[in-house]
Amino acid sequence: MDSTVQLAVIMDPIGEIKYAKDTTLALLLAAQARGWALHYLEQPELRLRDGIAEGRARPLTVHADPQRWHVLGEARTQPLGAFNVILMRKDPPFDLEYVYTTYMLERAELAGALVVNRARGLRDINEKVYTAWFPQCCAPTLITRDMAEMAAFAAVQGAIVCKPLHSMGGHSVFVLQPGDKNARVIFETLTEDGQRFAIVQKYLPDVVTGGDARVLLIDGEPVPYALARIPRADDNRGNLAAGAQGVGRALNARDRWLCSEVGPALKQAGMLFVGLDVIGGFITEINVTSPTGVRELEHQFDLDIGAQLMNAIERRLRRDAAGQPTILPG
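Keep in mind that this is a model prediction, so the values were computed, not measured.

1. Focus: unusual backbone geometry
Right, so step 1: The peptide bond linking P92 to P93 adopts the cis configuration, its omega dihedral lying at 25 degrees.
Right, so step 2: Within the secondary structure, P93 is located in the loop between β7 (85-89) and α2 (96-110).
Right, so step 3: Cis rather than trans, the peptide bond between V116 and N117 has omega equal to 5 degrees.
Right, so step 4: When you line up the elements, N117 lands in the loop between β8 (114-116) and α3 (119-124).
Right, so step 5: With a phi close to 50 degrees, D50 is a non-glycine residue in the positive phi region.
Right, so step 6: Structurally, D50 is set in the loop between β3 (46-49) and β4 (52-62).

2. As for the packing of aromatic side chains
Right, so step 1: Within the structure shown, the criterion is met by 5 aromatic pairs.
Right, so step 2: Through a chain of ring-to-ring contacts, the aromatic side chains of Y130, W133 and F134 assemble into a single cluster.
Right, so step 3: Just above the ring of F197 sits the side chain of R145; from NZ or CZ to the centre is 4.8 Å.

3. A few points about empty space enclosed by the protein
Empty space among the atoms becomes visible once a probe the size of a water molecule is rolled across them.
Right, so step 1: On inspection of all chains with the given rule, the structure shows 2 cavities of 30 Å³ or more.
Right, so step 2: Roughly 70 Å³ of volume is contained in the largest cavity.
Right, so step 3: Empty space within the second largest cavity amounts to approximately 50 Å³.
Right, so step 4: Lining the second largest cavity we find L27, L87, M88, R89, V116, N117, F273, V288, T289, P291 and L309.
Right, so step 5: Considering only residue class, the lining of the second largest cavity consists of 8 nonpolar, 2 polar and 1 charged.

4. Some thoughts on helix α1 (residues 23-33)
Helical geometry note: an α-helix holds 3.6 residues per turn, so side chains three or four residues apart project in the same direction.
Right, so step 1: Burial runs high along α1: 8 of the 11 residues are buried.
Right, so step 2: By the burial criterion, the buried members of α1 are T23, T24, L25, A26, L27, L28, A30 and A31.
Right, so step 3: The N-terminus of α1 is capped by D22, whose side-chain oxygen sits 3.2 Å from the backbone nitrogen of T24.
Right, so step 4: Backbone geometry just after α1 places G35 at a positive phi near 85 degrees.

5. Some details on the side chain of D219
Right, so step 1: On the secondary structure map, D219 appears in the loop between β13 (212-218) and β14 (221-222).
Right, so step 2: Only 3.2 Å separates the side chain of D219 from the side chain of R316, close enough to count as a polar contact.

6. Quick notes on the pattern of salt bridges
Opposite charge on two side chains makes pairing possible when the charged atoms of those side chains draw close.
Right, so step 1: Tallied over the entire structure, the rule returns 18 salt bridges.
Right, so step 2: For R229, the salt bridge goes to D212, with nearest N and O atoms at 3.1 Å. Of the two residues, R229 sits in strand β15 (residues 225-230) while D212 sits in strand β13, which places them 17 residues apart along the sequence. This pair shows no difference in class: R229 is buried, exactly as D212 is.

7. Observations regarding the pairing of β15
Right, so step 1: Within β15, 5 of the 6 residues are buried, which leaves it mostly tucked inside the rest of the structure.
Right, so step 2: In this structure, β13 lies alongside β15, joined through 3 bridges in antiparallel fashion. Bridge assignment links R214 to a residue of β15, and that residue is L227.
Right, so step 3: In the sheet, β15 pairs with strand β16 (residues 245-250) via 6 bridges, with the strands oriented antiparallel. Directly across from L227, in β16, lies its bridge partner G248.

What counts, and where the lines are drawn
- Residues numbered from 1 in each chain as written.
- Predicted model: local features only at pLDDT ≥ 70, side-chain atom pairs only at ≥ 80, totals over all residues.
- Heavy atoms only, no water.
- Helix = DSSP H or I, 4+ residues; strand = E, 2+ residues; numbered from the N terminus.
- Phe/Tyr/Trp six-rings, centres within 6.5 Å; stacked < 30°, edge-to-face > 60°.
- Lys NZ or Arg CZ within 6 Å of the ring centre and 35° of its normal.
- 1 Å grid on protein atoms, 1.4 Å probe; cavity = no way out; pocket = protein on both sides within 12 Å on 5 of 7 lines; lining within 4 Å.
- Points joined across faces, edges and corners; volume = space filled by probe spheres on them.
- Nonpolar A, V, L, I, M, F, W, Y, C, P; charged D, E, K, R; others polar.
- Buried < 20%, exposed > 50% of the residue type's maximum accessible area, 1.4 Å probe, protein only.
- Polar contact = N/O pair within 3.5 Å; in protein donor to acceptor, adjacent residues only side chain to side chain.
- Salt bridge = Lys/Arg side-chain N within 4 Å of Asp/Glu carboxyl O.
- Pairing = 2+ DSSP bridges.

This is how it looks when you write it as structure tokens:
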């Protein structure tokens, strides 16, 4: 592709990111290195007017400089369909505002933009619920509003992990040991007294030593290294946002088997950039909204994951330009 590629990014405020860890910045640096023109939007700057998705976009320049990593130009309202590529990197929570945004992005897709990840997939693939499509890859899991069912699940499984369906970064994740007297109040809190669905999973003790490994998929194919996020000694959560330590490791045979099980479905759904969370050889989440871990892996290994994703985007743009189908219906 040439320098005429126009790429827009929708993200949280770029001035508030953590420079050393932010994956979106790594992707933008990779796109800019190709000579692509960058444009910046935040969620409140989007709108839908008479069926046309629009946004107040600002020209963006990024720098590999921890003191000055971005420069923004003057905002101009323009159709989202005028961009060749739109990176949707707004972090959860996955709430109704996020859903409304996917409708706007779907209109942009129909107007010709390539949205990464695909708007319909962002809406359909809940990062915790979608594991149900691959039960062969997962530890015992229950999604329910019924607190008695949660208690019965815990009685069978022993230690369990309890978490909401809509959050990220380890927020409101609880580990319950057998006989824990806090179980009832945790079930009440997560389900809002039986009014909301929540998820409980068998606790996998491998998280303590092997970590919660982030395996990245680009257009269905795995990056050859995973980022094992080792919990702090005083915490159960293998999330970098919760203070876990990121240690890279090569993919093993089990990782590659998991990728072979889920990768084709994600590719078909138009999900070009996905993060699998793997503990003890089992998938616990499938992250499609704003997967992270790129900066840590690129720092520890001779990788350019941002370039790999841009290569995949280029291939998709070429196929679309040639009129070749890249996403199956359904």
